Amino acid sequence: MTVRTRFAPSPTGYLHIGGVRTALFNWLFARKHGGQFILRIDDTDQQRNVEAALEPILRGFRWLGLHWDEGAEVGGPHGPYYQSAKLPRYQEAVAQLLAAGCAYWDYATPEEFKAEMEAAEREKRPKIYSRRWMAESPAERARFEAEGRVASVRLKMPREGVCRFFDQVRGEMAVEWANEQDIVIQRSDGSVTYNLANVVDDFDMKITHVIRAEEHLSNTPRQIFMIESLGYPRPHYAHVPFVAEPGSKNKLSKRKIGQYLKNPDFKKVYEHGQAIAERLGLTISPETFNPVLVEFYEQVGFVPDAIVNYLLLLGWSWDGSTEFFTREEMIDKFSLERVNKAAASLDVKKLWAFEEHYFAGLDLNEKVRRVMPFLHRAGLSASEDLVRQVVAEAAHRLIVAGDIFNFDDFFLPDDAIRLEPKAKQKHLDAARDVLPRLRQLLASTEPFEAVRLKSQVEALARELGVKPGALSQTLRVAVTGKDVGFDAYAGLAILGRERCLRRFDRVVVL
RNA sequence: GGCCCCGUCGUCUAGAGGCCUAGGACACGGCCCUUUCAAGGCCGCGACACGGGUUCGAAUCCCGUCGGGGUCACCA
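Everything numeric in this text was worked out from a predicted model, so none of it was measured.

About the criteria used
Residues numbered from 1 in each chain as written. Chains lettered and ligands numbered in written order. Predicted model: local features only at pLDDT ≥ 70, side-chain atom pairs only at ≥ 80, totals over all residues. Heavy atoms only, no water. Helix = DSSP H or I, 4+ residues; strand = E, 2+ residues; numbered from the N terminus. Rg over C-alpha atoms; globule rule 2.2 N^0.38 Å. Buried < 20%, exposed > 50% of the residue type's maximum accessible area, 1.4 Å probe, protein only. Contact = heavy atoms within 4.5 Å. Lys, Arg positive; Asp, Glu negative; His and termini not counted. Charge placed at Lys NZ, Arg CZ, Asp CG, Glu CD. 1 Å grid on protein atoms, 1.4 Å probe; cavity = no way out; pocket = protein on both sides within 12 Å on 5 of 7 lines; lining within 4 Å. Points joined across faces, edges and corners; volume = space filled by probe spheres on them. Nonpolar A, V, L, I, M, F, W, Y, C, P; charged D, E, K, R; others polar. Pairing = 2+ DSSP bridges. Disulfide = S-S within 2.5 Å. Near = heavy atom within 4 Å. Polar contact = N/O pair within 3.5 Å; in protein donor to acceptor, adjacent residues only side chain to side chain. Phe/Tyr/Trp six-rings, centres within 6.5 Å; stacked < 30°, edge-to-face > 60°. pLDDT = per-residue confidence, 0-100.

**Quick word on the overall build of chain A**
Step number 1: A count of helices and strands for chain A gives 20 helices and 13 strands.
Step number 2: For 510 residues, the compact-globule estimate of 2.2 N^0.38 gives 24 Å, and the C-alpha radius of gyration of chain A, at 31 Å, exceeds that figure by more than 25%.
Step number 3: Its C-alpha atoms put chain A at 110 × 45 × 40 Å along the principal axes.
Step number 4: For chain A, the residues scored as buried account for 52% of the 510 residues in total.
Step number 5: Long-range pairs, those at least 24 residues apart, make up 72% of the contacts in chain A with a sequence separation of at least 6.
Step number 6: Averaging the coordinates of the 70 positive side-chain charges in chain A and doing the same for the 71 negative ones gives two points 3 Å apart.

**Section: empty space enclosed by the protein**
Step number 1: Overall, the coordinates contain one cavity of 30 Å³ or more when judged by the stated rule.
Step number 2: Residue lining of the largest cavity: Leu 15, Pro 56, Arg 59, Gly 60, Val 294, Glu 295 and Glu 298, and that is the complete set.
Step number 3: Within the residue set of the lining of the largest cavity, elements represented by two or more residues are α2 (50–64) and α10 (294–300).

**With respect to the layout of surface pockets**
Step number 1: In this structure, the largest pocket occupies an estimated 1,100 Å³ of space.
Step number 2: Within the residue set of the lining of the largest pocket, elements represented by two or more residues are β1 (4–7), α1 (17–32), α3 (87–99), α6 (194–204) and β10 (209–213).
Step number 3: Residue contributions to the lining of the largest pocket peak at six residues, all from α1.
Step number 4: Across the lining of the largest pocket, the residue classes tally to 18 nonpolar, 16 polar and eleven charged.

**Details of the sheet that holds strand β9 (residues 184–186)**
Adjacent strands of a sheet pair through backbone hydrogen bonds, lying either parallel or antiparallel.
Step number 1: Strand order across the open sheet formed by four strands is β5-β4-β6-β9, with antiparallel pairing between neighbours. Since the sheet does not close on itself, it has two edges, and those belong to β5 (134–135) and β9, each with one partner.
Step number 2: Pairing geometry for strand β4 (residues 103–106) and strand β6 (residues 152–155), over four bridges, is antiparallel. Bridge pairing in β6 places Trp 105 opposite Val 153.

**Points about the state of the cysteines**
Step number 1: One pass over the structure, following the stated rule, counts zero disulfides.
Step number 2: Between Cys 163, a free cysteine, and Cys 102, which holds the nearest cysteine sulfur, the sulfur-to-sulfur gap is 14 Å.
Step number 3: Judged by relative accessible area, which is 2%, Cys 163 ranks as buried.

**Let's talk about the environment of Gly 35**
Step number 1: In this structure, Gly 35 sits in the loop between α1 and β2 (36–39).
Step number 2: For Gly 35, a relative accessible area of 9% gives the class buried.
Step number 3: Between the C-alpha atom of Gly 35 and that of Thr 2, which follows or precedes it by 33 residues, the distance is 5.4 Å.
Step number 4: If we skip the residues at most four places from it in the chain, Gly 35 touches Thr 2, Val 3, Ala 30 and Asp 69.

**Re the protein's contact with RNA strand B**
Step number 1: Taken together, 55 residues are adjacent to RNA strand B, and Arg 170, Arg 187, Leu 313, His 396 and Arg 397 come closest.
Step number 2: Among all atoms of RNA strand B positioned within 4 Å of the protein, those belonging to sugar or phosphate total 71%.
Step number 3: The backbone of Gly 315 places a nitrogen or oxygen atom 2.7 Å from a phosphate oxygen of RNA strand B.
Step number 4: Within the backbone of Gly 485, an N or O atom sits 2.9 Å from a base nitrogen of RNA strand B.
Step number 5: Of all the elements in the fold, those that place two or more residues in the surface near RNA strand B are α4 (110–122), β13 (344–345), α13 (348–360) and α19 (468–480).
Step number 6: Residue classes in the surface near RNA strand B are distributed as 15 nonpolar, 18 polar and 22 charged.

**Side note on the packing of aromatic side chains**
Step number 1: Under the defined criterion, the tally for this structure stands at 20 aromatic pairs.
Step number 2: Here Phe 203 and Tyr 232 contribute two aromatic rings whose centre-to-centre distance is 3.8 Å and whose plane-to-plane angle is 0°, an arrangement assigned as stacked. You can see Phe 203 sitting in helix α6 and its partner Tyr 232 sitting in the loop between α7 (220–229) and β11 (236–240), a full 29 residues away along the chain.
Step number 3: With relative accessibility at 34%, the residue Phe 203 sits in the partly exposed group.
Step number 4: Relative accessible area serves as the criterion here: at 10%, Tyr 232 is assigned to the buried category.
Step number 5: Between the aromatic rings of Tyr 310 and Phe 354, the centroid separation amounts to 6.1 Å while the plane-to-plane angle is 65°, which identifies the pairing as edge-to-face. Of this pair, Tyr 310 sits in helix α11 (residues 304–312) while Phe 354 sits in helix α13; the two residues are 44 residues apart in sequence, bridging distant segments of the chain.
Step number 6: Overall, the relative accessible area of 4% leaves Tyr 310 in the buried class.

**As for the confidence of the model for chain A**
Detailed conclusions should not be drawn from predicted coordinates in areas where pLDDT is low.
Step number 1: Put simply, chain A has an average pLDDT of 94, and 99% of its residues get 70 or more.
Step number 2: In the predicted complex, the global pTM is 0.95; the interface-specific ipTM is 0.95.

Printed below as a string of structure tokens:
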């Protein structure tokens with residue numbers, strides 16, 4: 001039997017990082033067993049603009065390299081893969097459940113049902129519907145309808161016995177049927193609810209392994225009841241823990257960004273990304289651009305493999321010490337047995353560390369390829385050759401592609417260089433006497449290369465009885481306006497004599 | 001509140017009775033290097049929730065307590 005797994009996002013307009021982690025486990029499991037990974041869309045018919053809301057999700061998966069074998073846009077033999085296109089099929093399943101006596105027409109009004117639930121809560125009883133407005137015969141239905149009531153369809157759950165199932169992460173599970181509510185499977189408007197659609201889709205798409213987040217654990221018994229009532233084969237289950245908030249065990253939520261921003265680590269990464277987004281001219285708000293959403297990482301210029309590798313280790317480990325896995329290695333080593341049971345908090349600082357490692361591992365051409373679009377989008381024109389030199393010298397100072405903006409002084413016109421007041425005070429004002437000598441050095445050093453510049457500065461330093469570092473800092477400020485950056489001599493050499501002198505003369509009034 | 005799940009350093013985790021004086025990684029602190037910013041090297045800080053058992057021996061098994069979380073929709 002071929003392994004088939006699925007991920008079923010709802011078109012919400014963004015790709016949640018916790019969802020990606022669950023999807024990744026599904027993807028890995030399918031790949032490992034030579035099976036298929038299906039991307040099915042849980043859209044409801046009342047949603048508008050499904051296409052627009054789906055686009056960021058599909059783009060995110062493609063960007064991360066988590067390709068699906070069947071589903072949205074790619075199609076496949078078990079479609080449709082959009083829930084909104086399957087209403088007749090679902091209603092057929094509802095009819096089957098009704099006919100089998102496993103579901104019933106219910107005529108309770110929402111208020112009546114709610115009153116029962118509130119009473120149960122008050123009396124500290126399990127919230128189980130009394131079936132007071134249940135109708136199983138045409139006569140009963142007619143009677144309720146004469147009162148002007150409209151029916152929904154509820155599952156007629158067993159009231160005794162135990163539901164047992166095996167969970168590949170949690171082991172043997174057992175739940176009393178008597179604690180299971182008669183949930184609505186078909187609304188009074190004829191549309192169908194999640195649990196029913198889910199069961200039918202998994203059957204239609206021949207899903208063999210249901211790997212989903214822990215919050216679905218409580219849906220499992222009622223889904224098993226439907227599966228059995230409909231005569232479907234039962235899939236294997238694995239409930240993986242959800243991804244928790246930074247520094248807490250609450251489920252990560254896109255709505256609580258304001259709260260996460262109070263976490264210093266989270267804030268730091270967010271602000272880093274924000275600065276890059278501003279240079280790109282993106283209009284951003286924390287609601288749509290933040291480290292909970294995959295889009296954030298794409299915009300800022302992360303390496304997709306870094307995110308995937310980090311997510312892999314969030315709730316799974318191989319031997320406790322191996323940190324880095326290629327795609328092939330993760331496919332080879334992944335197993336549900338080694339998935340942890342407890343929720344794991346999102347730690348963007350650690351994700352950042354993975355990014356550092358992955359970006360550093362890119363070869364020079366690859367780094368340049370990733371950095372060029374950022375420069376262009378920010379309106380900075382630069383030859384590939386210049387970019388290559390800067391990227392090479394910047395080395396590990398580039399962690400995400402957007403960090404190239406830290407070295408924008410190489411790509412700005414010479415008259416656009418701004419002198420930072422603090423740097424001026426510290427390195428120019430305090431060194432007025434040596435400025436003419438430094439200018440002369442720039443004008444005369446031949447060839448104009450880093451090693452030569454270095455030895456010339458060192459010679460001058462000896463002559464003046466100062467440290468070479470002091471002179472090189474002064475040169476750096478005089479030419480770039482800033483007192484931070486990579487090796488000053490390399491920077492001068494990259495700019496070339498002409499540009500250095502032009503800048504020097506603009507910045508320094510002798 | 002009912003039902004269910006979970007509980008090792010701040011965080012992610014290793015650990016399936018003796019290899020544990022509890023290992024690795026991120027973060028953090030210090031030192032070295034460097035008159036920039038980093039990176040790198042070295043050192044350090046730091047956890048088995050608690051209480052009972054079982055056992056020669058428990059982070060590992062059992063019971064209880066406490067703590068945290070999920071879920072109880074005509075959302076998905």
